[in-house]
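# Close look at the chain arrangement
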Amino acid sequence: MELEVSDQLLGTFVPILVYWVYSGIYVLLGSFENYRLHSRKDEDEKNLVSKGTVVKGVLLQQTVQAIVAIILFTVADNSGEAGGVGNASIVVLLRQFLTAMICLDTWQYFMHRYMHQNKFLYRHIHSQHHRLVVPYAYGALYNHPLEGLILDTIGGAISFLVSGMSPRASIFFFSFATIKTVDDHCGLMLPGNLFHVFFRNNTAYHDVHHQLYGSKYNYSQPFFVMWDKILGTYMPYSVQKREDGGFEARPSKEYKEA
């Protein structure tokens, strides 16, 4: 008897598996000090939360994410809103992916920015993510549960519904989005990283946001920088070598002096 796993189930759990596998790769690569944006010492001393707490927080968010995904797939399947399975052309899939990317970026930019500008929301919700002053891969989804629900889970649901992609297509889209989010928090500037080649919104870009001087800039995530550029929250920076080895994302002089 063959065991069949539905696209809906794969769309729910494959991105979670991808998160831990891809994060695990970066854990193994973390010993490459010459490619780190922060030293391992800074990672241990500057962060305000233990790694055990981070793992528990991420697992909690992923549990909520899985529950909402199952509900979403069930509702979309019953209403016929999800696109057909396996019959979309490459052009249609590319259009759906681009639509989903823009939707997710738009939702996350404005929600993320508002959580910084609203002092209550920042103090009680979003500041949890910024306890990671020195980001690392498996801390990418370390958020307050409410933030995880609003920014990531609801944002993902909106992008899925607006794009009209099928549950099968969503397996690939959300796995890709997960890999991109983990990469943005990995803290490593490895040569040949294609995300650094094709996306201006990358590891160094998001690292600037996690520093005190950049907390009011570079809100865009996880794909493009368009909203930061359009709305004046883009902080120019350069990646330079540190004297003690590794790299550092340094803001432009006029921003550092502001």
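Up top is the structure these notes are about.
Here's a quick rundown of the structure. Predicted model, so just to flag it, every value in this text is computed and none were measured. (Residues numbered from 1 in each chain as written. Predicted model: local features only at pLDDT ≥ 70, side-chain atom pairs only at ≥ 80, totals over all residues. Heavy atoms only, no water.)

Bringing helix α9 (residues 203-210) into the picture now. Taking burial as the measure, the 8 residues of α9 include 8 buried ones, the bulk of the element. The complete set of buried residues in α9 reads T203, A204, Y205, H206, D207, V208, H209 and H210. Buried-residue contacts for α9 involve α4 (90-117), α7 (167-184), α8 (194-198), α10 (226-231), β1 (237-241) and β2 (247-251). One side-chain oxygen at the N-terminal end of α9 lies 3.2 Å from the backbone nitrogen of A204; it belongs to N202. (Buried < 20%, exposed > 50% of the residue type's maximum accessible area, 1.4 Å probe, protein only. Helix = DSSP H or I, 4+ residues; strand = E, 2+ residues; numbered from the N terminus. Contact = heavy atoms within 4.5 Å. Polar contact = N/O pair within 3.5 Å; in protein donor to acceptor, adjacent residues only side chain to side chain.)

Take the nonpolar core next. Grouped together as the largest cluster of nonpolar side chains are 34 residues, with contacts concentrated most on Y19, Y26, V54, F160, F173, V182 and F223. Of all the secondary structure elements, the ones that give two or more residues to this core are α1 (7-29), α3 (51-79), α4, α6 (145-163) and α7. With 6 residues, α3 is the largest single contributor of residues to this core. Dropping the residues within four chain positions of it, F223 is found in contact with M101, L104, D105, F173, F176, A177, K180, F199 and N201. In terms of nonpolar packing, the next biggest core, distinct from the first, is built from 7 residues, L37, M189, A204 and F247 among them. (Core = buried A, V, L, I, M, F, W, Y, C linked by side-chain atoms within 4.5 Å.)

All right, on to the side chain of H209 then. The topology assignment puts H209 in helix α9. A distance of 3.0 Å separates polar atoms of two side chains, one belonging to H209 and the other to H116. Among the polar contacts listed, one links the side chain of H209 to the backbone oxygen of Y217, at a separation of 2.7 Å. Beyond its immediate sequence surroundings of up to four residues, H209 is in contact with H112, H116, H126, H130, G214, S215, Y217, N218 and Y219.

Our focus in this paragraph is α4. Here α4 contains 28 residues, and its C-alpha end-to-end distance of 40 Å stays within 8% of the 40 Å for a straight helix at 1.5 Å per residue. Listed in full, the buried residues belonging to α4 are Q96, A100, M101, C103, L104, D105, Q108, Y109, H112, M115 and H116. Contacts from the buried residues of α4 go to α5 (119-124), α6, α7, α9 and α10. (Expected span 1.5 Å × (residues − 1).)

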